[in-house]
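So you can see what is in the structure, the chains are spelled out below.
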Amino acid sequence: MQRVARAFWLRSPGHGEVREVALPAPAADEVLVRTLFSGVSRGTETLVFRGGVPENQYGVMRAPFQEGDFPGPVKYGYLNVGLVEEGPRELVGRMVFSLYPHQTRFVVPASAVTPVPDSVPAARAVLAGTVETAVNAVWDAAPMLGDRIAVVGAGMVGASVAAVLARFPAVRVQLVDANPARADIARALGVDFALPEEAAGDCDLVVHASATEEGLARSLELLAPEGTVLELSWYGDRRISLPLGEAFHSRRLVVRSSQVGTVSPARGSRRTFADRLVLALDLLADPAFDALITAECAFDELPDVLPRLASGDLPGLCLRVRYDR
């Protein structure tokens with residue numbers, strides 16, 4: 001008997017649809033997973049939805065289980081929590097996280113799923129991929145005891161970075177965003193909040209995640225001499241102007257990139273992708289992270305909801321997608 005699942009596909013930029021897909025029977029080293037929740041990574045997935053991935057980045061931007069090609073048709077996504085229905089005995093019945101797109105059921109290698117700790121509810125575990133990005137960013141940043149730190153941009157990634165940094169002893173962490181409503185999110189995460197014009201300066205480290213020119217320029221202004229901006233924003237096909245005149249050279253400022261596709265060289269061969277994801281899931285035992293999930297929709301509503309998300313008509317951070325049995 002043929003197994004059938006349903007998947008969300010981007011038919012063409014700005015237009016999504018739900019398609020039926022055939023499922024293979026899992027091999028001995030594979031699992032069949034029934035999705036409970038998936039998450040929409042607002043920045044990256046809305047960029048993909050708009051068709052904003054530069055052609056020279058098509059290979060870099062491929063998701064692990066992507067089907068199709070940019071700009072479309074393409075099946076894209078990487079925040080999935082589900083229940084293992086078939087597979088190795090030690091995994092059957094376990095709740096797992098995987099980097100799979102929005103689909104009701106799917107078959108992947110058993111090595112591609114990570115068990116979710118009992119302390120983390122499935123509805124929160126969709127954040128694992130985002131918190132994993134934050135973990136890698138903090139590894140790249142290598143903050144020191146007592147550092148003065150600002151995180152500019154209180155989106156999913158920026159807020160996650162601030163939440164992780166807040167767990168370091170004796171650091172000053174301030175979450176900076178142009179939207180005053182993000183103050184509630186900062187409060188829930190246990191960090192200070194400031195509008196850009198009110199942010200505290202003299203920072204040893206600024207993590208930039210607003211994906212705006214203004215945010216990057218303000219990040220440089222907030223640095224102390226010899227301070228570092230860690231750039232997390234992904235601009236897609238947009239060209240960004242960076243103010244490298246003025247006091248950039250005399251103050252010996254640094255701009256560094258961070259990207260989740262590689263494990264931070266600061267950790268060398270001692271840490272793996274699997275280590276990073278396990279750590280992210282452990283951190284999600286803290287219910288404070290629930291503040292990052294600001295909207296929810298049913299799977300069948302995705303073709304109507306994603307255009308609103310991409311246009312900014314639906315504000316907020318993570319959109320959680322709910323699956324009925």
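Rules and cut-offs
Residue positions within a chain follow its written sequence, with the count starting from 1. pLDDT decides what is reported in this predicted model: residues at 70 or higher carry local features, side-chain atom pairs at 80 or more are listed and counted, and totals for whole chains, interfaces and linings draw on all residues regardless. For side-chain calculations, the full set of non-hydrogen atoms in the structure is used, while hydrogens and water are omitted. Numbering of helices and strands runs from the N terminus, with a helix taken as a DSSP run of H or I at least four residues long and a strand as a DSSP run of E at least two residues long. Here, two residues are considered to be in contact whenever any of their heavy atoms come within 4.5 Å of each other. Strand pairing requires that DSSP identify at least two bridges connecting the strands. Residues belong to a common nonpolar core when they are buried Ala, Val, Leu, Ile, Met, Phe, Trp, Tyr or Cys residues joined through side-chain atoms within 4.5 Å. A simple rule labels every residue: compare its accessible area, found with a 1.4 Å probe on the protein chains alone, to the largest value its type can have, and call it buried under 20%, exposed over 50%, or partly exposed in between. The rule for a salt bridge is simple: a side-chain nitrogen of Lys or Arg has to be within 4 Å of a carboxyl oxygen of Asp or Glu. Two cysteine sulfur atoms make up a disulfide if the distance between them is within 2.5 Å. Helix axes use the C-alpha atoms of the stretch in contact, all axes being lines fitted to C-alpha atoms, and the angles between their N-to-C directions lie in the range 0 to 180 degrees.

A. View of the environment of Leu195. One can find Leu195 in the loop between strand 12 (192-194) and strand 13 (203-208). Put simply, Leu195 and Ala178 are 17 residues apart on the chain and 5.4 Å apart in space, counted from C-alpha to C-alpha. Beyond its immediate chain neighbours, meaning those up to four positions away, Leu195 contacts Val176, Asp177, Ala178, Asn179 and Pro180.

B. Just the pairing of strand 2 (residues 15-23), in detail. Relative to strand 2, strand 1 (residues 3-12) runs antiparallel, the two being bridged by nine bridges. In the strand pairing of strand 2, Ser12 is matched with His15. Counted along the chain from strand 1 to the antiparallel partner strand 2, the turn is two residues long, and its residue Gly14 has a positive phi close to 90 degrees.

C. Fine view of the nonpolar core. Counting 55 residues, the largest nonpolar core has Tyr76, Leu127, Leu284, Leu292, Leu302 and Leu319 as its most contacted members. Counting residues per element, this core draws most heavily on helix 8 (residues 302-311), which supplies five residues. Residues within four places of Leu319 in sequence aside, it is in contact with Ser38, Gly39, Val40, Ala295, Glu296, Cys297, Leu302, Val305 and Leu309.

D. How the structure looks around the pattern of salt bridges. Applying the stated criterion across every chain yields a total of 20 salt bridges. One salt bridge in this structure joins Glu296 and Arg320, with 2.7 Å as the shortest N-O distance. Of the two residues, Glu296 sits in strand 16 (residues 293-298) while Arg320 sits in strand 17 (residues 318-322), which places them 24 residues apart along the sequence. According to the relative accessible area criterion, Glu296 is partly exposed, its value standing at 38%. Overlapping salt bridges bring together Arg11, Glu17 and Arg19 as one network.

E. Broad picture of the state of the cysteines. Throughout the structure, instances matching the rule amount to zero disulfides. Between Cys297, a cysteine without a disulfide, and Cys318, which holds the nearest cysteine sulfur, the sulfur-to-sulfur distance is 10 Å. Assessed through its relative accessible area of 3%, Cys297 is described here as buried.

F. View of the sheet that holds strand 15 (residues 254-257). Taken together, the six strands give an open sheet; going across it, the order is 12-11-10-13-14-15, and neighbouring strands pair in parallel fashion. Among the strands making up the open sheet, the edge pair consists of strand 12 and strand 15. This sheet shows a mean twist of 25 degrees between the axes of neighbouring strands, independent of strand direction. Two strands pair when backbone bridges link them, and strand 10 (residues 148-152) and strand 13 are joined in this way by four bridges, in the parallel orientation. Pairing of Val151 across the sheet is with Val207, part of strand 13. Those strands touched by helix 3 (residues 128-141) are strand 13, strand 14 (223-231) and strand 15, and its axis lies near 150 degrees from that of strand 14.

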